[in-house]
Amino acid sequence: MVGPPLAHYARRQMIAGILPNTPENLAYYLKSPQTVVPGNMMPREEMDERQIWGIVAYLHGQK
């Protein structure tokens, strides 16, 4: 296991222990995880806005 489980993601209070769990903050984190937590294991993926917001919508639907 590399990262935390994503079940019930919408119930979490924080993203990476730093940002409040909002859709906007999750999109920011997905775009540039190393900016939020330098040196973390989350790689920067080349995704367009549609892909990022699709992931955000999916994860925030996990209650």
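Trainee: Which parts of the structure should I look at to understand helix H1 (residues 23-31)?
Mentor: Residue pairs three or four apart in sequence face the same way in an α-helix, which turns once every 3.6 residues. If you check which residues of H1 are buried, you get Leu26, Ala27, Tyr29 and Leu30. Looking down the long axis of H1, one finds its buried residues gathered within 160 degrees of arc, a one-sided arrangement. Those residues of H1 that are buried are in contact with strand E1 (14-15), helix H2 (33-36) and helix H3 (49-60).

Trainee: Can you help me understand the nonpolar core in this one?
Mentor: Most often, soluble globular proteins keep nonpolar side chains buried together rather than apart. Counting residues in each nonpolar core, the largest one holds 11 residues, listed as Tyr9, Ile15, Leu19, Leu26, Ala27, Tyr29, Leu30, Val36, Ile52, Val56 and Leu59. Where this core is concerned, the elements lending two or more residues are H1 and H3. Take this core: its biggest share by element is 4 residues, from H1. Residues contacting Tyr29, with those up to four places away along its chain left out, are Ile15, Ala16, Val36, Asn40 and Met42.

Trainee: How do you make sense of the pattern of salt bridges when you look at a structure like this?
Mentor: Proximity of charged atoms lets side chains of opposite charge pair with each other. With the rule as written, the count across this model stands at 2 salt bridges. Measuring nitrogen to oxygen at the nearest pair gives 3.0 Å for the salt bridge that ties Glu49 to Lys31. Of this pair, Glu49 sits in helix H3 while Lys31 sits in helix H1, placing them 18 residues apart in sequence. According to the relative accessible area criterion, Glu49 is partly exposed, its value standing at 44%. Glu46 serves as the salt-bridge partner of Arg44, at 2.7 Å between the closest nitrogen and oxygen. A relative accessible area of 68% means that Glu46 is categorised as exposed.

Trainee: Which parts of the structure should I look at to understand the layout of surface pockets?
Mentor: The gaps left among the atoms become clear once a water-sized probe is rolled over them. Of the pockets and cavities examined, the largest pocket occupies roughly 430 Å³. Of all the elements, H1 adds the most residues to the lining of the largest pocket, at 3 residues. Residue classes in the lining of the largest pocket are distributed as 15 nonpolar, 2 polar and 1 charged.

Trainee: Looking at this structure, how should I read H3?
Mentor: The end-to-end C-alpha separation of H3 is 16 Å, in line with the 16 Å expected for 12 residues at 1.5 Å each. Among all positions of H3, only Ile52, Val56, Leu59 and His60 are buried. Seen end-on, H3 carries its buried residues on one side only, within an arc spanning 90 degrees. Those residues of H3 that are exposed and aimed more than 90 degrees away from the buried face are Arg50, Ala57 and Tyr58. At its buried positions, H3 is contacted by H1. The opening residue of H3 is Asp48, an N-cap whose side-chain oxygen sits 3.1 Å from the backbone nitrogen of Arg50.

Quick notes on the rules
- Residue indices begin from 1 for each chain and proceed along its sequence in written order.
- Reporting of local features is limited, given that this is a predicted model, to residues whose pLDDT is at least 70; pairs of side-chain atoms are given and counted only at 80 or more, and all residues count toward the totals for whole chains, interfaces and linings.
- Heavy atoms from the whole structure form the basis of all side-chain values; hydrogens and water molecules are not counted.
- Whether a residue is buried, partly exposed or exposed follows from its accessible area with a 1.4 Å probe, protein chains only, as a fraction of its type maximum: under 20%, in between, or over 50%, in that order.
- Here a helix means four or more residues in a row that DSSP labels H or I, a strand means two or more in a row labelled E, and each is numbered from the N terminus.
- Along the arc lie the directions from the helix axis toward the C-beta atoms.
- Throughout, a residue-residue contact means that at least one pair of heavy atoms, one from each residue, lies within 4.5 Å.
- Only buried residues count toward a nonpolar core. Its members are Ala, Val, Leu, Ile, Met, Phe, Trp, Tyr and Cys residues joined through side-chain atoms within 4.5 Å.
- The salt bridge definition used is simple: a Lys or Arg side-chain nitrogen within 4 Å of an Asp or Glu carboxyl oxygen.
- Note on definitions: the grid is 1 Å and covers protein atoms alone; a cavity is a set of points where a 1.4 Å probe fits but cannot get out; a pocket is an open set with protein on both sides within 12 Å along at least five of seven lines; lining residues have an atom within 4 Å of a point.
- Grid points are joined across faces, edges and corners, and a volume is the space filled by probe spheres set on the points.
- Side-chain classes are defined by residue name, with Ala, Val, Leu, Ile, Met, Phe, Trp, Tyr, Cys and Pro counting as nonpolar, Asp, Glu, Lys and Arg as charged, and the others, Gly among them, as polar.
- In this scheme, a helix's expected span is set at 1.5 Å multiplied by one less than its residue total.
- In protein, a polar contact means a hydrogen-donor-capable atom and an acceptor-capable atom, both N or O and within 3.5 Å, with residues adjacent in sequence counting only if both atoms are side-chain atoms; elsewhere, any N or O pair within 3.5 Å suffices.

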